[in-house]
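Listed below are the residues making up each chain.
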There are 2 protein chains.
Amino acid sequence: MPPTKVKNAGTAITTPAPAPAGPTGQPRTAGKPRPLTRIQREKHDIILQAALEVFSLHGFRGATIDQIAEVAGMSKPNLLYYFPRKEEIHRRLITRLLATWLAPLQEMDAAGDPFPEIRSYIRRKLEMARDFPRESRLFANEMLQGAPRIIEMIEVDLKNLVDEKAAVLLAWMEQGKIARTDPYHLIFSIWATTQHYADFDVQVRAVLGPGRGGEGRFEDAARYLEQLFLFGLTPRPRP
Amino acid sequence: MPPTKVKNAGTAITTPAPAPAGPTGQPRTAGKPRPLTRIQREKHDIILQAALEVFSLHGFRGATIDQIAEVAGMSKPNLLYYFPRKEEIHRRLITRLLATWLAPLQEMDAAGDPFPEIRSYIRRKLEMARDFPRESRLFANEMLQGAPRIIEMIEVDLKNLVDEKAAVLLAWMEQGKIARTDPYHLIFSIWATTQHYADFDVQVRAVLGPGRGGEGRFEDAARYLEQLFLFGLTPRPRP
DNA sequence: CAGATTTTTGACCAGTTGGAAAAAGGTTAG
DNA sequence: CTAACCTTTTTCCAACTGGTCAAAAATCTG
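Residues numbered from 1 in each chain as written. Chains lettered and ligands numbered in written order. Predicted model: local features only at pLDDT ≥ 70, side-chain atom pairs only at ≥ 80, totals over all residues. Heavy atoms only, no water.

Once that is clear, we can look at the overall build of chain A. For chain A, the helix and strand inventory stands at 10 helices and zero strands. Listing the helices and strands of chain A from first to last along the sequence gives α-α-α-α-α-α-α-α-α-α. Across the 239 residues that make up chain A, the buried fraction comes to 48%. In chain A, of all internal contacts separated by at least 6 residues, the share reaching a separation of at least 24 is 66%. In the structure as shown, chain A presents an accessible area of about 11800 Å², 56% of it carried by carbon and sulfur atoms. (Helix = DSSP H or I, 4+ residues; strand = E, 2+ residues; numbered from the N terminus. Buried < 20%, exposed > 50% of the residue type's maximum accessible area, 1.4 Å probe, protein only. Contact = heavy atoms within 4.5 Å. Areas by Shrake-Rupley, 256 points an atom, 1.4 Å probe, with all protein chains shown as cover.)

Set out below in structure tokens:
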């Protein structure tokens, strides 16, 4: 009978109450998780959004709790009430992200037609780069640092998924439906070309200039990538 | 008449000597730069190497002078004797890097044959990813943060170079020598696919596994990319 | 070698950082 | 309404941060 949360346990009323513990710590005998309150859910969301903003820009080390708290519109101790450690915020963000990130590849269907499948995989990844650039940058930041906090997820979950889809691609190659090439590097090249538009967005916009760097750039990219992956650069006779 | 470095100006010999200033500061009336000593050149190099290591891993904000000093094998004050500010080290690194980074594209020759030119551009970029991964990551880190310290170099030097080479590519397209497509996004895709092997190295190695993630991965990548950019994924009859 | 210069060191500082503690202020179920 | 809980604020701290400074040590130069 561990004396966690002993309100008035026999002894004196002056029992110092050992563990106040915020909502995420939950060391209340670790038995009843006790459902999150409305405020808790709201604040958790706000904090994670703010943290995404800051972490994706400065990386884990470069981001400060103060910054996150400011973006979240609350005081540092208040933020720490919801997430007792900086690492915890980051871990949650990264874990959630990874699931989102893998989804498009998971959808690539062995039973479908190769080209439409690959084509829509590229489209989906490009849409993610457009709609979730901060997530992409958070991921990139983590990779640049050697993925210290998610390496085993990469080595297990991601690797398994890629192995599976590489087998699918390989089967398509065997059937002569797509060109025979390295399925792993094929997947890498799809990742690289699509995420580039989120991670190197500044560069893309600067190089395209004010004229072509506007919203249309994602449509242009989609068109270009489609052609690249379909035919490469070999000139074809006009249809 | 600002009193910078008044050697013995009339007053007493006990003049407090206003600016000792390290070798890089050079406020000795800013007149004679005085050539760097052997030790200065050596230490500058050592520090820049160490800083590259640390900055490329943690970004500007996440890196500390202490870390850099430790990697460089010297004390923090000693390091600060050579580079009086953290920003200065980073600036030097980034400036030097940008020149190296642009070189391969500069070499792409309008007078050459399109496919060999593009092919060897890809090869060179891939070699850089292999041989200078830290430089690549430093660059990526800067981009992720919105390139605050090099935005105008990107907007001017890089943009001009890309504009020039895009024109070359466009000319090749007009002549029917390569497929008609977007030259800017073509260049982006070459950058993305090659730098991926430096910036996302952990992921690449983890996914390829111990078997194929060894040194051979760059050769495999080169072969794959060559095919991608030449023919895409459309199956071709066996030669 | 001596004197001038350059390099290195150790002590120090003000501001920032992640985080702890406790008390004050709000909510809400009974 | 009120007791129990949840949330927020205030105050504080030790470690770390970028950077200074004077003195000591090493090096170079004539």
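That covers the picture; the talk isn't over yet.
In this section: the protein's contact with DNA strand C. Taken together, 21 residues lie near DNA strand C, and K76 of chain A together with T37, Q40, K43 and Y82 of chain B sit nearest. In DNA strand C, atoms within 4 Å of the protein come 69% from sugar and phosphate. K76 of chain A places a polar side-chain atom, nitrogen or oxygen, 2.7 Å from a base nitrogen of DNA strand C. Looking at the surface near DNA strand C, the elements that each hand over two or more residues are helix 2 (65-72) and helix 3 (76-82) of chain A together with helix 1 (38-62) and helix 3 (76-82) of chain B. Residues belonging to the surface near DNA strand C are distributed by class as follows: eight nonpolar, five polar and eight charged. (Near = heavy atom within 4 Å. Polar contact = N/O pair within 3.5 Å; in protein donor to acceptor, adjacent residues only side chain to side chain. Nonpolar A, V, L, I, M, F, W, Y, C, P; charged D, E, K, R; others polar.)

Note on interface size: it is often stated as the accessible area lost on association of the parts. Between chain B and chain A, the residue contacts involve 67 residues of the former and 67 residues of the latter. Linking chain B to chain A there are two salt bridges. Here R212 of chain A makes a salt bridge to D182 of chain B, at a shortest N to O gap of 2.5 Å. Run the count over chain B and chain A and you get 17 residue pairs in polar contact (both at pLDDT 80 or more). Among the elements of the structure, helix 1, helix 5 (114-131), helix 6 (133-144), helix 7 (151-174), helix 8 (183-199), helix 9 (201-212) and helix 10 (217-231) of chain B are those that each provide at least two residues to the side of chain B that touches chain A. For the side of chain B that touches chain A, the leading source of residues is helix 8 of chain B, giving 12 residues. (Salt bridge = Lys/Arg side-chain N within 4 Å of Asp/Glu carboxyl O.)

What follows concerns the relation of the copies chain B and chain A. Superposing chain B onto chain A requires a rotation of 180° together with a translation of 0.0 Å along the rotation axis, leaving an RMSD of 0.1 Å. What the superposition gives is, in effect, a two-fold axis relating one chain to the other. When the interface residues of chain B are mapped onto chain A, 100% of them again fall at the interface, so both copies present the same face. (Least-squares fit on C-alpha atoms with pLDDT ≥ 70 in both.)

Within the structure shown, the criterion is met by 14 aromatic pairs over all chains. Ring plane angle 85° and centroid distance 6.2 Å describe the contact between Y197 of chain A and F188 of chain B, whose orientation is recorded as edge-to-face. Of this pair, Y197 of chain A sits in helix 8 (residues 183-199) while F188 of chain B is found in helix 8, placing the two residues in two different chains. Accessibility classification places Y197 of chain A together with F188 of chain B in one group, the buried group. Aromatic rings pair up to connect F188 and W191 of chain A together with Y197 and F218 of chain B into one cluster. If you follow K86 of chain A out to its NZ or CZ, it ends over the ring of F60 of chain A, 4.6 Å from the centre. For the cation-ring pair, R149 of chain A lies above F60 of chain A, with the distance from its terminal atom to the ring centre recorded as 4.2 Å. (Phe/Tyr/Trp six-rings, centres within 6.5 Å; stacked < 30°, edge-to-face > 60°. Lys NZ or Arg CZ within 6 Å of the ring centre and 35° of its normal.)

Take V207 of chain B: it is sitting in helix 9. In contact with V207 of chain B, not counting residues within four places along its chain, are L158, K159, V162, D163, Y184 and F188 of chain A.

Our focus in this paragraph is the nonpolar core. Of all hydrophobic cores here, the largest spans 137 residues; its most connected members are F229 of chain A together with F229 of chain B. When residues of this core are assigned to their parent elements, the largest contribution, 10 residues, is made by helix 7 (residues 151-174) of chain A. Excluding residues within four positions of it along the chain, F229 of chain B makes contact with Y224, L228, G232 and L233 of chain A together with I122, L186, S189, I190 and T193 of chain B. (Core = buried A, V, L, I, M, F, W, Y, C linked by side-chain atoms within 4.5 Å.)

Moving on: the pattern of salt bridges. Residue and element names in this part refer to chain A. Across all of its chains, the model carries 34 salt bridges over all chains by this definition. Ionic pairing is found between D163 and K159, a salt bridge with its closest N-O pair at 2.9 Å. Highlighted residues: D163 and K159, both in helix 7, separated by four residues, approximately one helical turn. You can call D163 partly exposed: its relative accessible area is 24%. K159 gets classed as buried once you look at its relative accessible area, which sits at 18%. Salt bridges here are not isolated pairs; linked through shared partners, they connect R119, R123, E219 and E226.

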